[in-house]
Amino acid sequence: MRVPLEWLSEHVDLTVVDDPHQLAADLAGIGLEEEDFFGPEVSGPLVVGRVLALEPEEHSNGKTINWCQVDVGEDEPRGIVCGAHNFSAGDLVVAALPGAVLPGDFRIAARTTYGHVSDGMICSLRELGLGEDHDGIIVLTALGLTGEPGDDAAALLGLDRTTLDVNVTPDRGYQLSIRGIAREYAMLKGQAFRDPANRPVADPTADGFPVDLADDAPIHGVPGCSRFTALIVRDIDPGARTPFWMQRRLLEAGMRPISLAVDVTNYVMLELGQPLHAYDLDLLGRRIVVRRARSGEKLTTLDDVTRTLDPEDLLITDESDGDSRIIGLAGVMGGAALEVSATTRNILLEAAHFDEVSIARTARRHRLPSEASRRFERGVDPALGPVAAQRAAELLVELGGGTLDPATTVAGEAPAARTIALPLDLAARKVGVDYSPAEVTGLLEAIGAHVEVSGDTAQVTVPTWRSDLTDPIDLVEEIARAGGYDRIPSVLPQAPGGRGLTAAQRARRRLSNLLAGLGYTEVLTYPFTSDKRSDELLLPADDARRRAVRLANPMADDQPLMRTHLLATLVDAIARNTGRGFKDVAVFEAGMVTLPERAPEPGLRFEPGYHPSADELAAIRDSVPPQPFHYAGVIAGRAELPGTWGAGRAAEAADVIDTVRRMVAACGLGAEVRAARRAPFHPGRCAEFVLADGTVLGHAGELHPKVLENLGLPKRSVAFEIDLDALLGQEDSRDWAGVLSTYPVSRQDVALVVAADTPAAEVARALRDGAGAELETLEVFDVYTGDQVPEGRKSLAFRMTFRAADRTLTADEASALREAATAVAAQRFGAEVRS
């Protein structure tokens, strides 16, 4: 919300603060955080000038310029070249003299142009940042302004003023107005507040314009429109222009002046917080009806977009001779059919109160945010409609020469004020500040509440503009805010003994640190994906990972699904980095995936205020699909970078397989590794990790070439993904006899020739089974295929480390253990010892 401080000063005394930045800090202390400052953008001499004479001159380029003599309050007039023609001798203009700096760092200096030395510039609105009009220069009398040559034009035009942009939280819609901000400042400084809504309004009459509130399908039981005020202003001068002071305030508040009728409705909305809409009365039917849309109906809104309406949309329609016509999307945007134009003389003003939920859903459904919907979806004062309509009508009469009809329509009623019983000591108990009963009463009255104290309890009638105050604890928050957050003591809670990180939290930290140490960089990706991504990853049609939760209101239409595996989104990080010139990338992500096991249970929606039973809560929890925690990583390019130490090495499947081995080992567990076929991995270069209870932990390997082509990723990229929850669900199977052997080890190497498609892990298992308990470690240190090995076979070289617990093994004993191990491998796989 942009707050012009000059406008704000009409309702509160800002002179108590010298520095606008201090004012911003004060407002931040009550929840209105500063977003930006818009201060003076013009510096240097900008003065009022009177045109004494102007001589038109035609030049060879076909352009006619005016050589002007301008009185700027000095001894001699200044000669200035001007290309505009909308002024004449005697007019008051705005002159920027040499040394002035205009918006956009446009510096003014005397310079030779068209054969004259132009000693300054006569300015247009756009050149001063006051609007888009660049066709002619500013004539002050046309703006309703006057002055003497040499007067400060910056002050006259308001170019020396400051605007503060504050962040309004969604629960405080009343702050989206000068009225709301002024009330907050008055509360902060203990000042009297001059309420712009404190004005008399006309009572409704029987002959007012007919309005029917016909919402037959209210959302969550609340009518879409609870109150509708309509006033008529006739015989407005179509040529009447918005006065400069109003245009200036609209611009400072971030809105573009359009026409008198539109500018007045916007001005009142900014001033009071009540959105209004103006209809061309001569084009309007005989009756206004507020109703829900019917299936298939369409509306062309003021932005010239034809929209297909939803049955939940609340509409403003008019009826005449039995025909119904849609004239507006309630609380969001009006229809183009009844737009106020340059010929409109008679206007009907609408000031209605609409349901927050209904307007919010409509604005999001049609992707049509507006200043009106922004306020309605946060809550507008339901008692404000008649006041806002009266204020706008009076401005149209004053500025447009119109006549206000005595007939007044107020359909519906404002809801009764809410009263909350508040124990007087509740704030002190919750906040930790010793608020006295008198202080509690004073602070609540400062926010606009009416308080009656009876014993130890206060009956607090909350103001109509505070729909967010529904419970005693809400009043406690207001007391703490109005009383000053700086008074609340800062006390560090004492951590109870015996608590700390859970086993899962420790495991996540341990594994993330491990991956970072291995050279991976942690990234976070959005958990949204699509069926197209499953196609790009070559997932089979019956793959369980294609069964995903579909979002009812996705952030992006092309990503409506919750991911079922991390690689679905992690590959985007690789594509983005490699697309920006990074050739070697290794990233990992730790996060949850969503695995729907069944369709959600129907009927799990409840009316506001209803508390579900224990069975209903259990059903809600059961409907939430499992969300296991996964780890995934991708390496593209080189696993080892080149340098003085060597030529580097491209990443291969063994790198990510080793990464998963290390992760499993870091959790004190083991996993069997075996060959597998699983998208999106290369069918011949994919490893599957199986835990002791048969659970598949995850997969690692080289990504399929077609997948890499589909995603635009580097060739031979490798990846892994594991289910951490499955890993942590394993029992620690490690056992230890309690004695460390002090005897030396005996190492034996053996190379076995097996079929080329035999997994090394299976051969290693056979060696372990044959070697017995004395085999301490077993590692593969070479895989060879070539001339010395028959075609279709490969050589696997293993290093076997033996150690006995009670003696030193002799060479013959170690050799015997090795031969026993190779015998089992020969029996299972036809392995032959390679000499």
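Analysis parameters
- Residues numbered from 1 in each chain as written.
- Predicted model: local features only at pLDDT ≥ 70, side-chain atom pairs only at ≥ 80, totals over all residues.
- Heavy atoms only, no water.
- Helix = DSSP H or I, 4+ residues; strand = E, 2+ residues; numbered from the N terminus.
- Buried < 20%, exposed > 50% of the residue type's maximum accessible area, 1.4 Å probe, protein only.
- Pairing = 2+ DSSP bridges.
- Contact = heavy atoms within 4.5 Å.
- Axes fitted to C-alpha atoms, helices over the stretch in contact; angles between N-to-C directions.
- Parallel < 35°, antiparallel > 145°, perpendicular 65-115°, else oblique.
- Left-handed = near helix turned anticlockwise from the far one by under 90°.
- Expected span 1.5 Å × (residues − 1).
- Salt bridge = Lys/Arg side-chain N within 4 Å of Asp/Glu carboxyl O.
- Core = buried A, V, L, I, M, F, W, Y, C linked by side-chain atoms within 4.5 Å.

Q: What exactly am I supposed to notice about unusual backbone geometry here?
A: Apart from glycine, the bulk of residues carry a negative phi angle, and the bulk of peptide bonds sit in the trans form. Of note, the amide linkage connecting A679 to P680 takes the cis form, showing an omega dihedral of 10 degrees. Examined against the element boundaries, P680 turns out to sit in the loop between β34 (672-675) and β35 (681-690). For D304, which is not glycine, the phi torsion reads 65 degrees and is therefore positive. Locating D304 in the fold gives a position in the loop between β17 (298-300) and β18 (306-308). Given a relative accessible area of 63%, D304 falls into the exposed group. Of note, R716 is a non-glycine position whose phi angle comes to about 65 degrees, a positive value. When you line up the elements, R716 lands in the loop between α18 (705-711) and β37 (718-723).

Q: I would appreciate a short explanation of the sheet that holds β35 in the present structure.
A: Each strand in a sheet pairs with its neighbour through backbone hydrogen bonds, running either in the same direction (parallel) or in the opposite one (antiparallel). A sheet is described by the order of its strands in space; here seven strands give the open sequence β27-β30-β31-β37-β36-β35-β34, paired in mixed fashion. The open sheet has two edge strands, β27 (521-522) and β34, and neither has a second partner. Where strand β30 (residues 585-592) and strand β31 (residues 629-636) come together, eight bridges link them in antiparallel fashion. Residue V587 lies in a different strand from β31, and its bridge partner there is V634. Of the strands in this sheet, β30, β31 and β37 are in contact with helix α13 (residues 503-517), which crosses β31 at around 0 degrees.

Q: Quick question: what am I supposed to make of the environment of V745 here?
A: Relative to the elements of secondary structure, V745 occurs in the loop between α19 (724-728) and β38 (746-755). Residue classification places V745 among the partly exposed residues on the basis of a relative accessible area of 29%.

Q: Teacher, can you tell me more about the packing of helix α20 (residues 760-771) against helix α21 (residues 811-829) here?
A: For any two helices packed against each other, the geometry comes down to the angle between their axes and how far apart the axes lie. Interaxial distance between α20 and α21 falls to 7 Å at its minimum, and their mutual angle equals 135 degrees. Accordingly, the angle class assigned to the pair α20 and α21 is oblique. Crossing of α20 over α21 shows right-handed handedness. Where α20 approaches α21, its residues E762, V763, R765, A766, L767, D769, G770 and A771 are matched on the opposing element by L817, A820, A821, T822, V824, A825, R828 and F829.

Q: So what exactly am I meant to see when it comes to the pairing of strand β6 (residues 92-96) here?
A: Residues in a regular strand point their side chains to alternate faces of the sheet. Taken across its five residues, β6 has five buried, putting it largely inside the fold. Burial along β6 is two-sided: the face carrying L92, V94 and A96 and the face carrying V93 and A95 are both buried. The sheet contact formed by strand β3 (residues 46-58) and β6 spans five bridges and is antiparallel. From the neighbouring strand, V48 faces β6, where its bridge partner is V94. Bridge count for β6 against strand β11 (residues 121-122) is two bridges, and the pairing is antiparallel. Across the sheet, A96 pairs through a bridge with M121, a residue of β11.

Q: Explain helix α12 (residues 472-483) to me, please; I cannot follow it from the model alone.
A: Each α-helix turn comprises 3.6 residues. Residues three or four places apart therefore point the same way. Over its 12 residues, α12 extends 16 Å from the first C-alpha to the last, a length consistent with the 16 Å expected when each residue adds 1.5 Å. If you check which residues of α12 are buried, you get D474, L475, V476, E478, I479, A480, R481, A482 and G483. Contact partners of the buried residues in α12: α4 (178-189), β24 (419-423), α10 (426-431), α11 (437-446) and β26 (457-461). The first or second residue beyond α12 is G484, which carries a positive phi of 105 degrees.

Q: Got a minute to help me understand the side chain of R466 in this structure?
A: Counting through the fold element by element, R466 comes out in the loop between β26 and α12. The class of R466 is buried, set by a relative accessible area of 1%. If near-sequence neighbours (up to four positions away) are discounted, R466 is found in contact with R172, Y174, R418, I447, E478 and R481.

Q: What is the right way to read the environment of L566 from this model?
A: Of note, L566 is situated in the loop between β29 (561-562) and α15 (567-579). Accessibility expressed as a relative area gives 0% for L566, which makes it buried. Once the C-alpha coordinates of L566 and E589 are considered, the two residues, 23 residues apart in sequence, prove to be 7.4 Å apart. Not counting residues up to four positions away in its chain, the partners in contact with L566 are E589, G591, M592, V593, H630, Y631, A632 and E721.

Q: Help me understand the pattern of salt bridges in this model?
A: A side chain with one charge may pair with a side chain of the opposite charge, provided their charged atoms come close. With the rule as written, the count across this model stands at 60 salt bridges. Linking D119 and R78 is a salt bridge whose minimum nitrogen-to-oxygen distance equals 3.0 Å. Placement of the pair is D119 in the loop between β10 (116-118) and β11 and R78 in strand β5 (residues 78-82), with a sequence separation of 41 residues. With a relative accessible area of 17%, R78 lands in the buried category. Ionic pairing is found between D749 and R799, a salt bridge with its closest N-O pair at 3.1 Å. In this pair, D749 sits in strand β38 while R799 sits in strand β40 (residues 793-802), placing the two residues 50 residues apart along the sequence. Overall, R799 belongs to the partly exposed group, its relative accessible area being 27%.

Q: Even after reading the chapter, I still don't get the nonpolar core, so can you show me in this structure?
A: One recurring pattern in soluble globular proteins is that nonpolar side chains are buried together. L8, L422, Y435, L444 and V460 are the most contacted members of the largest nonpolar core, which has 78 residues in total. Top contributing element to this core by residue count: helix α6 (residues 260-272), with eight residues. In contact with L444, other than residues within four places in its own chain, are L422, A449, V451, V460, L475 and I479. In this structure, V211, L284, L348 and F376 belong to the second largest nonpolar core, which totals 33 residues.

Q: Help me understand the sheet that holds strand β12 (residues 163-167) in this model?
A: The sheet built from three strands is open, its strands ordered β1-β12-β2 with antiparallel pairing. Of all the strands in the sheet, the pair left with one neighbour each is β1 (2-4) and β2 (33-38). In this sheet, neighbouring strand axes are inclined to one another by 30 degrees on average, regardless of whether the strands run parallel or antiparallel. In this sheet, β12 lies alongside β1 in antiparallel orientation, the contact comprising three bridges. Of the residues in β12, the one forming a bridge with V3 is L164. With respect to the sheet, helix α2 (residues 20-28) is in contact with β2 and β12, its orientation differing from that of β2 by roughly 160 degrees.

The values are spatial; any link to function lies outside them.
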